[in-house]
Amino acid sequence: MSSKKTDNGTSGETEQFRFFCLGGGNEVGRSCHIIQFKGKTVMLDAGVHPGYSGLSSLPFYDEFDLSTVDILLISHFHLDHAASLPFVMQHTNFKGRVFMTHPTKAIYRWLLNDFVRVTMIGDDSSGTVNSGTLYTDDDLAASFDKIETIDYHSTVEIDGIRFTAYHAGHVLGAAMFFIEIGGIKVLFTGDYSREEDRHLNIAEVPLTRPDILITESTFGTATHENRIEKETKFTNLIHSTLLRGGRCLLPVFALGRAQELLLILDEYWKNNEDLEDINIYYASSLARKCMAVYQTYINMMNESIRKKFRDSNSNPFQFKYIKSIRNLDKFDDLNPCIVLAAPGMLQNGVSRELLERWAPDERNAVILTGYSIEGTMAKQLLMEPAQIPSFNNPDIMIPRRAGITEISFAAHVDYEQNSKFIELVNPKSIILVHGESNPMGRLKSALLSKYQKLKNTENEVKVYNPRNCDDLKLSFKGIKIAKAMGQIVESIDPIKEKQLISGVLVQKNFDLNLLKIEDLREYSGLSTCIVKERQTIRCCAGRDLIFWHLSQMFGFIDIKIDEPEEFTIEVMNCINITLETDLCTVQWTSSMVNDTIADSVIAILLSVDSSPASVKISSKQCSGHHAHEHDNKADHTENHVKAESESEDEPKIKDEETATNGIVKKEVEDSQLLQVLDFPLSLADSSIQTRIKRIKILLRAQFGDSLSLFDNEDDGENQNIATIKIGKHEAKVDIFNLTVECGSGVLKGRIENMLKRATDLVAPLSQKSRFV
Ligand SMILES: [Zn+2]
Ligand SMILES: [Zn+2]
């Protein structure tokens, strides 16, 4: 199989969700599942199989590149869900982030400490990793600091992976995880319980419907006994065993269900005075350490135990009748008693030692209260064998006469609870894990027949029961849904089925939100700003003149304010020009197009004063004109190199003006000016012929009757030749090639300048360079 992130989900219409079981597929033990979608990888649990030891107890980590895992979520502290976590974190290339609830983390450390100690029993080595021990105390301590915690009902989001923890029942701190990756929603139950007990909340149903439910199937289609009947059976069996002088062994996992049994026993002892002298032992130093955790997290338990705590003002986990013993060294095994001892599967340790000691006596009883995992002594005992092998010397067989009874307090759902929960959660696909093949297979069949009527409809419910290392791929239609947020929601008609809405589409990780630009900051964290530009130019040309020059360039000019004190016009609906005495302020909202137009406007404004036509026109209106002529530099010219280069031309123009002033003034008539204004230049029309025509108009405006044009369209050669006669000087202008022949250098220079400015004005902005 491939260990790379192959599914980035971007190909084609459908996107693939991948489920890969590294452990806990058609088995109970070593839970570890991989889910992948859109290039994100989440790992669920990292357990060991209590039926095996050393490396063979691990999930199939070699079959997957753990370095690709983004996030690892641990559902609860049980060994089959958490015990290989230090191995993953310290002995593989895993580099993701690890999350669990606070109580799980609090218990995890003590629990795995004990696990390290227990797995080292029977090992020759002391402390180093070998076939028996997967990691050392140091590994455990190092991994512990890197584990992050999550509160119930809080949502964490990391790189597009969002997950929320919900109560799962089962044991203190157990969580279900609701995970969202790129629009796909997955609920992983972990081990869960829907039966109210003495201290835990039952598993919650998340409000949102998941696409995929990954659920445990431990009890398959079995039905749990009624809680009260079960407890009665349990306490009666203990009572009668003790009365006949027997001993009761309750092999338990040190934490979790043991606490529930202790609550039951403590209460029973309180109500049965005849038992007062009989001892209940809890042989677990680990449990003693972890009692503090239970006492701390009463707020995370159910209402009944919280009420007990409030009412009695004493901690329900400070038991009256339970005695704790560290080990069997000081255990005075003379009288009838009850011992709760770990491990629950009787593989080794205290529970195994007591089993071997008490098995031969028929008065004794072994009560199996948990789920017995395949391949363990607990599972073997259920077959009621006549003999059992000694742990220290497997060749020695010990007779078994003690009674074996299974009364399960395992907090897993039965069929009714599981199928009811599935109904409430209402997933599209169900993946079964954490169950032996047979019960899991039966559950699959039961669910399929339950949803039979939906088969081949769009609501069809699919059920999968993959084996370890089977690659399960589910296809999902790649529909992109954007969430409308903020003010834009008001523009949506709730009655109309289909409507077009426009806004800004913001994508953060896999979430698409449609927003009004005003809401951008609030809903996306992005901000917008509008850049306003302003340039102030000293320009003493009259408003008519400025207006005229700008209309040559831009055609229609919108007059906004025309008062004696202020003259404001707008060019191209975007550039605002205000004229106050001899200051001209140009303002616009910055954008690529606006900036370019503004550049042209400023260039024109800078040259208005010095244009020969201006001299002719403005001399009628502004007698002080010449005095200001050389002050027309922009106040801010950083971005306007053009403005500077034009001002260099000024001395030349001035000389010429002086020379020609008298003639020009007489020759310009208002009617000519109006004629030009009636001929708006459009930026869109940019053919060479049109431009030549416009240059001719501008020349006419500049030189009036001094200009003779060969307007005969048929006269190909001379079509674009104009002559300008001023006084004794005559100039020949080729409008097409933009060349000037003239005896007078001054006039020639002036016409050339004029042509340059004219081509600037008539050329479309983008093609300006062709003429310059
Ligand atoms: Zn569990
Ligand atoms: Zn489990």
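Please refer to the structure placed before this passage.
Residues numbered from 1 in each chain as written. Chains lettered and ligands numbered in written order. Predicted model: local features only at pLDDT ≥ 70, side-chain atom pairs only at ≥ 80, totals over all residues. Heavy atoms only, no water.

A closer look at the packing of helix H14 (residues 543-554) against helix H15 (residues 592-608)
Item 1. Where H14 contacts H15, the axes come no closer than 10 Å and their chain directions differ by 140°. When the interaxial angle is binned, H14 and H15 end up oblique. Between H14 and H15 lies a crossing whose hand is right-handed. Residues Leu545, Ile546, His549, Leu550, Met553 and Phe554 of H14 lie in contact with H15, whose contacting residues are Ile597, Ser600, Val601, Ile604, Leu605 and Val608.
Item 2. Looking at the contact of H14 with H15 residue by residue, the classes come out as 10 nonpolar, 2 polar and no charged. (Axes fitted to C-alpha atoms, helices over the stretch in contact; angles between N-to-C directions. Helix = DSSP H or I, 4+ residues; strand = E, 2+ residues; numbered from the N terminus. Parallel < 35°, antiparallel > 145°, perpendicular 65-115°, else oblique. Left-handed = near helix turned anticlockwise from the far one by under 90°. Contact = heavy atoms within 4.5 Å. Nonpolar A, V, L, I, M, F, W, Y, C, P; charged D, E, K, R; others polar.)

Quick word on the side chain of histidine 78
Item 1. Looking at the secondary structure, you find histidine 78 in the loop between strand E4 (71-73) and helix H1 (79-82).
Item 2. Among the polar contacts listed, one links the side chain of histidine 78 to the side chain of histidine 170, at a separation of 3.1 Å.
Item 3. Discounting chain neighbours no more than four positions away, the residues touching histidine 78 are Ala83, His170, Val171, Asp191, Phe253 and Leu255. (Polar contact = N/O pair within 3.5 Å; in protein donor to acceptor, adjacent residues only side chain to side chain.)

Here we look at a positive patch on the surface
Item 1. Taken together, Arg288, Lys289, Arg326 and Lys330 make up a surface patch of like positive charges.
Item 2. What makes arginine 326 exposed here is its relative accessible area of 56%. (Patch = residues over 30% accessible without salt bridge, like charges linked within 9 Å, V, L, I, M, F, W, Y side chains within 5 Å. Areas by Shrake-Rupley, 256 points an atom, 1.4 Å probe, with all protein chains shown as cover. Salt bridge = Lys/Arg side-chain N within 4 Å of Asp/Glu carboxyl O. Lys, Arg positive; Asp, Glu negative; His and termini not counted. Charge placed at Lys NZ, Arg CZ, Asp CG, Glu CD. Buried < 20%, exposed > 50% of the residue type's maximum accessible area, 1.4 Å probe, protein only.)

Quick word on the coordination of the zinc ion (ligand 1)
Where a metal carries four tetrahedral donors, each ideal angle is 109.5 degrees; where it carries six octahedral donors, the ideal angles are 90 or 180 degrees.
Item 1. Bound to the zinc ion (ligand 1) on the protein side are His76 (NE2), His78 (ND1), His170 (NE2) and Asp191 (OD), at distances that span 2.1 to 2.3 Å.
Item 2. If you look at the zinc ion (ligand 1), its 4 donor atoms make angles of 91 to 166° with each other, and the shape they trace is irregular.
Item 3. Summarised as a motif, the one-chain spacing of the donors to the zinc ion (ligand 1) is H-x1-H-x91-H-x20-D.
Item 4. Here the zinc ion (ligand 1) and the zinc ion (ligand 2) are spaced 3.3 Å apart, linked through aspartate 191, which binds each one. Across this residue pair, the class does not change: histidine 76 and histidine 78 are buried. (Donors = N, O, S within 2.8 Å, 3.2 Å for Na, K, Ca; no water. Tetrahedral: all angles 85-135°; square planar, octahedral: opposite > 155°, others 65-115°.)

Let's talk about the coordination of the zinc ion (ligand 2)
Item 1. Within the protein, the zinc ion (ligand 2) binds to Asp80 (OD), His81 (NE2), Asp191 (OD) and His434 (NE2); these donor distances fall in the range 2.1 to 2.2 Å.
Item 2. For the zinc ion (ligand 2), the 4 donor atoms are set out with angles of 85 to 164° between them, so the coordination reads as irregular.
Item 3. Ordering the donors of the zinc ion (ligand 2) by residue number gives the pattern D-H-x109-D-x242-H.
Item 4. The class of aspartate 191 is buried, set by a relative accessible area of 2%.
Item 5. Overall, histidine 434 belongs to the buried group, its relative accessible area being 2%.

Description of the packing of aromatic side chains
Item 1. Applying the stated criterion across every chain, the model contains 13 aromatic pairs.
Item 2. Each ring, one from phenylalanine 163 and one from phenylalanine 177, has its centre 6.5 Å from the other, and the planes form 75°; the classification is edge-to-face. Separated by 14 residues along the polypeptide, phenylalanine 163 in strand E8 (residues 161-167) and phenylalanine 177 in strand E9 (residues 175-181) bring together distant segments of the chain.
Item 3. According to the relative accessible area criterion, phenylalanine 163 is buried, its value standing at 1%.
Item 4. On the basis of relative accessible area, phenylalanine 177 is assigned to the buried category, the value being 0%.
Item 5. Across from the ring centre of phenylalanine 144, 4.7 Å away, lies the NZ or CZ of lysine 105, which sits over that ring. (Phe/Tyr/Trp six-rings, centres within 6.5 Å; stacked < 30°, edge-to-face > 60°. Lys NZ or Arg CZ within 6 Å of the ring centre and 35° of its normal.)

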